[in-house]
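Spelled out from the first residue to the last, the chains are:
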Amino acid sequence: MNQQQLPTSYGSASTDRENTEKGFVAPERLRSSLQSVLVNLIDLQLVAKQAHWNIVGANFRDLHRNLDELVGVTREAADTLAERLRALHATADGRAAVVATQSKLPEFPAGEITTHDAIGAVVLAIDVTTRHVRDVHDGVDEDDPTSADLLHGLLADLEQQSWMIGAEIRRPAGVPEPRSDDATPSSAQDDAESAPSPGIAKHTGLPPAAQSDVLAESEPPSL
């Protein structure tokens, strides 16, 4: 669909209230904030599924299953948020063209990807999503504390997923990377099979400095 054909509201318009409850109607800031979180969640589902289908390498099965857990978490959260918008007499817009133009997530690569690189790319996508939730939180809380409560649960679930998935490629604090001359032939081969090719930066489509910029676009407010 051509972007110019999309409605300018992108799901931020209030609905016709005839024959509906005469309750709280979401103001524009609240509608816009919840809609922006919604499109990131829909995109995160797609990132997790793309990785789920195409990862190869060490610890494939565990990561394959964990990525489906992430899909379940984001899918449920997106549905809850969209229904909250509807309950507040606003529309939710999850169309593909809208998600493609509004999502803040970096593009995930096409084709096969090593488990090591996929973890880096998926964790980056989760962290961009949670950073945006924190950015909009205070405004949402001022407009509607009930909607803010939904964001609290979302943050807890996504940050848990970021920790669990990211732990696969972390080392304990103070433990250095193994030197290549310390590796046995068999361990060197294992390292080569699981090593990034040529690194997470390639598979997120962003160099390391740009990845930092994505996460540092704005400082999140403290919850």
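Residues numbered from 1 in each chain as written. Predicted model: local features only at pLDDT ≥ 70, side-chain atom pairs only at ≥ 80, totals over all residues. Heavy atoms only, no water.

*Asks:* How do you make sense of the overall build of the protein when you look at a structure like this?
*Replies:* The helix and strand inventory of the protein stands at eight helices and two strands. Secondary structure elements of the protein occur, N-terminal to C-terminal, as α-β-α-α-β-α-α-α-α-α. Here the protein, with 223 residues, has 40% of them falling under the buried criterion. When contacts within the protein are restricted to residue pairs at least 6 apart in sequence, those whose partners lie at least 24 apart make up 81%. (Helix = DSSP H or I, 4+ residues; strand = E, 2+ residues; numbered from the N terminus. Buried < 20%, exposed > 50% of the residue type's maximum accessible area, 1.4 Å probe, protein only. Contact = heavy atoms within 4.5 Å.)

*Asks:* I'm lost on the nonpolar core in this one. Help?
*Replies:* Buried together is how nonpolar side chains tend to be arranged in soluble globular proteins. Ranked by internal contacts, the top residues of the largest apolar core, which has 47 residues, are Leu41, Val122, Leu154 and Ile165. Those elements that place two or more of their residues in this core are α1 (28–54), α2 (60–87), α3 (96–102), α4 (115–143) and α5 (145–166). Apart from residues lying up to four places away in sequence, Leu41 is in contact with Thr74, Ala77, Ala78, Leu81, Thr129, Leu154 and Leu158. (Core = buried A, V, L, I, M, F, W, Y, C linked by side-chain atoms within 4.5 Å.)

*Asks:* Sorry if this is basic, but what is going on with the environment of Ala78 here?
*Replies:* Within the element layout of this structure, Ala78 appears in helix α2. A sequence separation of 14 residues divides Ala78 from Ala92, and the C-alpha atoms of the two residues are 9.9 Å apart. For Ala78, the residues in contact, after removing those within four places along its chain, are Leu38, Leu41, Ile42 and Gln45.

*Asks:* Can you walk me through α1 in this structure?
*Replies:* One turn of the α-helix equals 3.6 residues, which is why residues spaced by three or four share an orientation. Given a rise of 1.5 Å per residue, 27 residues ought to cover 39 Å, and the 39 Å separating the end C-alpha atoms of α1 matches this to within 8%. In terms of burial, α1 is largely enclosed, as 20 of its 27 residues are buried. (Expected span 1.5 Å × (residues − 1).)

*Asks:* Would you take a moment to explain the side chain of Gln45 for this structure?
*Replies:* Considering the arrangement of structural elements, one finds Gln45 in helix α1. Those residues in contact with Gln45, other than ones at most four positions away along the chain, are Val71, Thr74, Arg75 and Ala78.

*Asks:* I'm lost on the side chain of Arg31 in this one. Help?
*Replies:* Within the fold, Arg31 resides in helix α1. The buried category is assigned to Arg31, whose relative accessible area is 11%.

*Asks:* Explanation requested: the confidence of the model for the protein in the structure shown.
*Replies:* Detailed reading of the predicted coordinates is not advisable wherever pLDDT is low. Of the residues in the protein, 70% reach a pLDDT of 70 or more, and the chain-wide mean stands at 83. At the low end of the mean pLDDT range in the protein sits helix α7 (residues 200–204), at 45; at the high end sits α1, at 98. Low confidence marks residues 192–203, where pLDDT is under 50. Its contacts with residues over four positions away, or in another chain, come to 27 contacts. (pLDDT = per-residue confidence, 0-100.)

*Asks:* Mind showing me how you'd approach a negative patch on the surface here?
*Replies:* A cluster of acidic residues, Glu76, Asp79, Glu83 and Asp157, forms a negative patch at the surface. At three residues, the largest contribution of residues to the negative patch is made by α2. Relative to the assigned elements, Glu83 resides in helix α2. (Patch = residues over 30% accessible without salt bridge, like charges linked within 9 Å, V, L, I, M, F, W, Y side chains within 5 Å. Areas by Shrake-Rupley, 256 points an atom, 1.4 Å probe, with all protein chains shown as cover. Salt bridge = Lys/Arg side-chain N within 4 Å of Asp/Glu carboxyl O. Lys, Arg positive; Asp, Glu negative; His and termini not counted. Charge placed at Lys NZ, Arg CZ, Asp CG, Glu CD.)

*Asks:* I keep staring at the packing of α4 against α5 and nothing clicks. Help me out?
*Replies:* Each packed pair of helices is defined by two parameters, the angle between the axes and the distance between the axes. Running from N to C, α4 and α5 cross one another at 160°; their axes reach a closest spacing of 9 Å. By the angle class used here, α4 and α5 are roughly antiparallel. Of the two possible hands of crossing, α4 and α5 adopt the one that is left-handed. Partitioned by chemical class, the residues of the contact of α4 with α5 number 14 nonpolar, eight polar and five charged. (Axes fitted to C-alpha atoms, helices over the stretch in contact; angles between N-to-C directions. Parallel < 35°, antiparallel > 145°, perpendicular 65-115°, else oblique. Left-handed = near helix turned anticlockwise from the far one by under 90°. Nonpolar A, V, L, I, M, F, W, Y, C, P; charged D, E, K, R; others polar.)

*Asks:* What should I look at first to understand unusual backbone geometry in this one?
*Replies:* Most peptide bonds take the trans form, and the phi angle of most residues other than glycine is negative. Of note, the phi angle at Asn59 is positive, near 60°, even though the residue is not glycine. For Asn59, the position within the fold is in the loop between β1 (55–56) and α2. In this structure Asn59 comes out as partly exposed when scored by relative accessible area, which is 34%. Its identity is not glycine, yet His89 carries a phi of approximately 65°, on the positive side. On the secondary structure map, His89 appears in the loop between α2 and α3.

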